[in-house]
Amino acid sequence: MNKKRFSPLRNEGVQMLLASLLCILGGLLIGFVVLLIIEPSGAFEAIIAILKNFFRFSRVNQRLKYLGQTLVRTAPLLMCSLSVLFAYKVGMFNIGAAGQYVAGACATLFCALYLKMPWWACMMAAMAAGALLGAISGALKTFRNVNVVISGIMLNWIMLYVTNTVLSLPGIKNPMSPYTIQIRGNSPTALLPQMGLQKLFNNEKSVTIAIPIAIIMAIVVWVILNKTKFGYELKATGYNYHAAKYCGMKENRNIILTMMIAGALAGMGASLLYLTGIEEWETTISSVPAMGFNGIAVAFLGGLSPIGSILAAYFIQHITLGGGNVDLSVYCAQISSLISSLIIFLCAFVGFFRLTMQNYLRKRDEAAAAKAQVKKGGRPS
Amino acid sequence: MILLTQYTLLFASVLMLVALGGCFSERSGVINIGLEGIMVIGALGGALVMKFLPVEFGGAPVMVLATLIASALSGMIFSLLLAVAAINFKADQTITGTAMNMLATAAATVAVKAMNTAASGGSDVSSDIIYTRARDTFIVRFGTFEFNWFMLFALIALVLSYIILYKLRFGLRLRACGEHPQAADSVGINVYKMRYAGVLISGILGGIGGIVYITAGVSSWKFENGVAGFGFLALAVMIFGQWKPLKIALAALLFGFFRALGNVYTGFDILKNLNLPSTVYNMLPYIISLIVLALTSKNSLAPKAEGIPYDKGSR
Amino acid sequence: MEQYAVEMLHITKRFPGIIANDDITLQLKKGEIHALLGENGAGKSTLMSVLFGLYTPEEGEIRINGKNAKIKNPNDANDLGIGMVHQHFKLVECFTVLDNIIMGVEPVNRLTFLQKKQAREKIMEMSKKWGLHVNPDALISDITVGMQQRTEILKMLYRENDILIFDEPTAVLTPQEIEELMQIMKNLAAEGKSILFISHKLNEIMAVADRCSVLRKGKYIGTVDIKDTTKAELSRMMVGRDVKFAVDKEESVPGEEILRVEQMSVASNEHSKDAVRNVSFSVRRGEIVCIAGIDGNGQSELVYGITGLAPLKSGSITLCGQNITKAPIRQRAGVMSHIPEDRHKHGLVLDYPLEDNMVLQRYFEPRFTNKMGFLKRREIRAYADKLIEQYDVRSGQGAITIARSMSGGNQQKAIIAREIDKNPELLVAVQPTRGLDVGAIEYIHKQIVAQRDAGKAVLLVSLELDEVMNVSDRILVMYEGEIVGEFDPKQVTVEELGLYMAGAKREAVKQ
């Protein structure tokens, strides 16, 4: 080929986007079929309700308010997905993001409600707690060869019980309910500043700088991975651990550092949610919050790119909240988690999809090349 | 003490069944992170039979067998997701497994809620299935010790697994596929078929493990909670047991003991006097498994080719 | 007409962008040993894959024992009595010899229980008949390479195959083991088995084969009777031009000592015994010291110890007068370059573009990374382009080509460019020519000699005796982790070296 033809199908980004859209479509389709099976008559309305989320409101002001709330919950999800994809670039599957997120919630709420620290200190504490948990997984991997997935799951459960215990302490837990007390009334300095952002969303009070912070973090992660020496080393370690060692990168240190950063990202995600005051921790919760797991869905749906994650995080959060709008006397909100998990499952096929597409393109090229050869009368070499 | 033994044996049975399932899958070369999800779906299948099959219909033997078969089948069908993705489409086995775990809990919740909602006309939107009477048929009482038929099934599964893996032609071929699929292929063994067999067997055993787990101590189950990481504990048991049935059995007893402590520690004065919060006992199995893994994973005896999709072309 | 066991007539197999087999004809007579000669990439393995039904050829036909055969998969080939000893053994490491032999054709009872007793008797009988000594109950991981190969041969005989294919069977054997294998092959042929012997080693072909077919760049060059031909003619057919077997080089003029290794021991990953035991030697400026030995006698671990990939158990290393026994890899890499044994495992990040691989050893230098820790992409590109030009590294899209998509020879050239351009005092090259064609081998040998002539010290590890004899100035033989002999290549014969490599002879090496 002398001249490179421009073909959008050849672009890696376009291929990823196409693959992601197919995954979404597949997930929605199967979700719709499930709704049909449960009760055919309202299935179509239900799937539309999920997709519409806040668009169901007719008034613009109300839409803006709920858009704001969706974004508030998108920020932590984006952080969890950054955590997952950052670790994945170094070859580790950070299913422990869920536990690191819980650790972040524990630390941030403890600092906010018990120690009455200001928001930035609470956020630092959350990052430190997440990083610590990540470091344990990383160290177990490098020094003891423990599978990161399994140690991650174990730490998720351990952290859940620790958090429930810590946040049940008097002064943190509301004695009248299973929830922690509200930050807004008890420790206002711990609330994230709003900097006027709430005005954009019809004065929704949970809108804070959490949203821009999460987006900035996504950009920072992108820059680190693609533009810096550190990112070059991390990716080299992920692609080929032995080559990284061969050229003198501190491969073990890099793995632990990566897991620490991943943990810090997930932990920070928790502080970006709880420090807005939008919700409290439920101390009797008996399963690990889905935020970290959904982060996995987002990371893969976003094609493992930080920028793709921003869009994917919004989408997943959008349908998750939309799930609450189905007719609950017939369907249930978990239909959204079903769709998200279907999307991850389909994401596992992305590699296959791209390979098929590349093979198809190559075959097309070859056919074209063979034709050209025949015309010239030469043999292909 | 009897209670502790009883729970230890029950939880050990669960861990052993599921870990043996994992063993078959990994020995064939497929990492099965999705065991947790397989357990949930197996539990759902079994629980539905327990709910809807009248106890009067054939009594205990029919109930026990029908439940067993239903969970085995549900687990097996669900494991097809892993088989198809990992073997035919060469998908990443970790992502697939993780997706299966999330999918299983979500699907089970949606299914049970839909069922409850429809049955109650919208007043019951819980994800619980109650099976008090059916559960009683699983149990034979010797004094205060409650013998559960599934303990026997676990023992049978252990013996069969050992024979299948080490004495039968099938086992030799299965293990070859997990160690060196190219070698197996070169002597005419169909690697894809063997891996399917490995994954499906893990589905059967995982499914049975699921129903034993949810009927172990309680007579109703809330499916929103999945199986609380038990599938992963079973993976830890499998690793600790070095992918060998007999060692897996011993590892399962150890882990089962620590899990059982959480259920019955109040019955022991020494433990009660320690005054530890109950969450400590809840955490115990997970902490123990982390420690055990840290001590034993260094020189892993994992099948060499596990996790690597087999591609006939690359040799 | 003569009876042929195998006839492959006018086989053509195309791959994207390349014709791997272009109208190739191969005829194997019954009871003969027929050599198939060709360089790496000449199309030998494609042809064998066609014979085993792994690839379907676009044109041509296969006849077995005079009958047309449709071979769709290895099972069909097996049913036709064709068996193969692969270059990389297809043995399950944690299985016993017996399990490996019976795998796929296991004797079982009606309940499919394995009947190992029956199998053991048959194997022992065959083992005696053919002089193929094995211990059926030993694990593959515990036995020698020679015994592993005998296991592979027994695997074919157990299946009563009549057409036996040996794919580069001598690469891992000592000269004495090779001798033994040749005898076994002759015995098998005398008993009526037909043998196809794939090789690029002329001496062995001359010694054992009856006839030889030559392939070059996917084309069939011809078939000759061994008794009517010479080594020179065969090599001309294989390469397409006259090949000088000797490497042009001046007498070495060693200078001061660059590397000194004292009493070094390195633990083994696989065994409780140390992989390297109390090894001492030195390498001086302007000389090529070659570590010879059979694969797996501690050479890899020796290099790991010197380059820092593995910690020493005891002993010390001095490089340019500095004690580097505990120095981190990067500090050593300042004065030492390392062309690794396995270019895919250590040498390259296959999913990185070529330019990123070119700076793998120096990306952290101020030239390529600024003070803020950002990579200077423009500098990296310019540097990569320079190396690509200078060392003639060919790739599809230049600096941005993903390393995985490059040919083995060009991947190796890229590594050599990167390592030599670092301008080291010591060059450690481990099997730098493995799997490459004659042109690339000549090029790499020239580069290594040029480094020596530029006053560098070179430590070469090689399994190929030709390379050992032609390139080195001094030979150290390693056997079971120890250096058992030191030789001047001009004063030692290959046979003599073989005895040391096999552990049959040893001498106290002067330190």
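This is a predicted model, so every value here is computed, not measured.

A. Summary view of the overall build of chain A. Of the regular secondary structure elements, chain A holds 15 helices and 0 strands. Here the C-alpha radius of gyration of chain A, 23 Å, is about what a compact globule of 381 residues would show, namely 21 Å. Judged by the C-alpha coordinates and their principal axes, chain A covers about 85 × 60 × 40 Å. The contacts of chain A with a sequence gap of at least 6 include a subset with a gap of at least 24, amounting to 75%. Summing over all exposed atoms, chain A offers an accessible surface of approximately 16000 Å²; the carbon and sulfur share of this is 66%.

B. Main features of unusual backbone geometry. Residue and element names in this part refer to chain C. One non-glycine residue, Glu160, lies in the positive phi region at around 55 degrees. Positive phi values are uncommon outside glycine, yet Glu480 reaches one of about 45 degrees. Along the polypeptide, Glu480 turns up in the loop between strand S19 (474-479) and strand S20 (482-487).

C. The interface of chain A and chain B, seen in detail. Contacts between chain A and chain B engage 43 residues on the former and 45 residues on the latter. Interface area for chain A against chain B, summed over the two sides, is near 3800 Å², with a carbon-plus-sulfur share of 79%. Of all residues in chain A, Met154(A), Tyr161(A) and Phe345(A) give up the largest surface area on contact with chain B, accounting jointly for 17% of the area buried on that side. Seen at the junction of chain A and chain B, the total is 0 salt bridges. In this structure, the connection of chain A to chain B is made through 6 residue pairs in polar contact (both at pLDDT 80 or more). Contributions of two or more residues to the side of chain A that touches chain B are made by helix H1 (12-38), helix H5 (119-144), helix H6 (148-166), helix H12 (291-301) and helix H14 (335-347) of chain A. Ranked by residue count, the leading element in the side of chain A that touches chain B is H6(A), at 11 residues. Residue composition of the side of chain A that touches chain B, grouped by class: 31 nonpolar, 11 polar and 1 charged.

D. Region of interest: the environment of Ala75(A). All names here are of chain A. Residue placement: Ala75 occurs in helix H3 (residues 60-89). Residue classification places Ala75 among the buried residues on the basis of a relative accessible area of 4%. Sequence-wise, Ala75 and Val146 are 71 residues apart; in three dimensions their C-alpha atoms are separated by 31 Å. Beyond its immediate stretch of four places on either side in the chain, Ala75 contacts Ala210, Ile211 and Ala214.

E. Fine view of the interface of chain A and chain C. Contacts between chain A and chain C engage 24 residues on the former and 32 residues on the latter. Roughly 2400 Å² is buried in total at the junction of chain A and chain C, and carbon and sulfur atoms are behind 58% of that figure. It is Lys229(A), Tyr232(A) and Tyr246(A) that lose the most area in chain A upon contact with chain C, and together they represent 35% of the buried surface on that side. Summed over the shared surface of chain A and chain C, the result is 0 salt bridges. Our count for the chain A to chain C interface comes out at 16 residue pairs in polar contact (both at pLDDT 80 or more). Contributing elements (two or more residues each) for the side of chain A that touches chain C: helix H8 (210-227), helix H9 (229-239), helix H10 (241-246) and helix H15 (350-376) of chain A. For the side of chain A that touches chain C, the leading source of residues is H9(A), giving 7 residues. Split by residue class, the side of chain A that touches chain C holds 9 nonpolar, 6 polar and 9 charged.

F. Fine view of the packing of aromatic side chains. Residues and elements named next belong to chain A. For the structure shown, the criterion picks out 33 aromatic pairs over all chains. Arranged with centres 6.4 Å apart and planes meeting at 80 degrees, the rings of Phe32 and Phe44 form a pair that is edge-to-face. Here Phe32, found in helix H1, pairs with Phe44, found in helix H2 (residues 40-52); they are 12 residues apart in sequence, far enough to count as distant. Assessed through its relative accessible area of 56%, Phe44 is described here as exposed.

G. Quick peek at helix H10 (residues 230-240) of chain B. All names here are of chain B. Across the 11 residues of H10, 10 count as buried, placing the element largely inside the fold. Three or more residues of H10 are buried, namely Phe230, Gly231, Phe232, Leu233, Ala234, Leu235, Ala236, Val237, Met238 and Ile239. Downstream of H10 by a residue or two, Gln242 has a phi angle that is positive, lying close to 55 degrees.

H. Inspection of the side chain of Ser289(B) at higher detail. Along the chain, Ser289(B) falls in helix H13 (residues 278-296). Leaving out residues up to four positions away in the same chain, Ser289(B) has contacts with Met154(A), Leu233(B), Ala236(B) and Phe255(B).

I. Quick look at the side chain of Thr98(B). In this fold, Thr98(B) is placed in helix H4 (residues 93-120). Excluding its chain neighbours within four sequence positions, the residues that come into contact with Thr98(B) are Phe93(A), Ile95(A), Ile296(A) and Ile33(B).

J. Representation of the state of the cysteines. For the structure shown, the criterion picks out 0 disulfides over all chains. A disulfide-free cysteine, Cys106(A) has its sulfur positioned 9.1 Å from the sulfur of Cys111(A), the nearest such atom. Judged by its relative accessible area of 8%, Cys106(A) is buried. For the unlinked cysteine Cys23(B), the closest cysteine sulfur is that of Cys94(C), found at 12 Å.

K. Seen up close, the sheet that holds strand S14 (residues 314-319) of chain C. Residues and elements named next belong to chain C. If you trace the 4 strands from one edge of the open sheet to the other, you get S12-S11-S14-S15, paired in antiparallel fashion. Unpaired on one side and paired on the other, strand S12 (276-284) and strand S15 (322-323) mark the two borders of the sheet. Across 6 bridges, the pairing between strand S11 (residues 257-266) and S12 is antiparallel. Bridge pairing links Leu259 to Val283 in S12. Sitting on the sheet, helix H9 (residues 299-307) touches S11, S12 and S14, and the angle it makes with S11 is about 120 degrees.

Rules used throughout
Residues numbered from 1 in each chain as written. Chains lettered and ligands numbered in written order. Predicted model: local features only at pLDDT ≥ 70, side-chain atom pairs only at ≥ 80, totals over all residues. Heavy atoms only, no water. Helix = DSSP H or I, 4+ residues; strand = E, 2+ residues; numbered from the N terminus. Rg over C-alpha atoms; globule rule 2.2 N^0.38 Å. Contact = heavy atoms within 4.5 Å. Areas by Shrake-Rupley, 256 points an atom, 1.4 Å probe, with all protein chains shown as cover. Buried area = accessible area lost by both parts, 1.4 Å probe. Salt bridge = Lys/Arg side-chain N within 4 Å of Asp/Glu carboxyl O. Polar contact = N/O pair within 3.5 Å; in protein donor to acceptor, adjacent residues only side chain to side chain. Nonpolar A, V, L, I, M, F, W, Y, C, P; charged D, E, K, R; others polar. Buried < 20%, exposed > 50% of the residue type's maximum accessible area, 1.4 Å probe, protein only. Phe/Tyr/Trp six-rings, centres within 6.5 Å; stacked < 30°, edge-to-face > 60°. Disulfide = S-S within 2.5 Å. Pairing = 2+ DSSP bridges. Axes fitted to C-alpha atoms, helices over the stretch in contact; angles between N-to-C directions.

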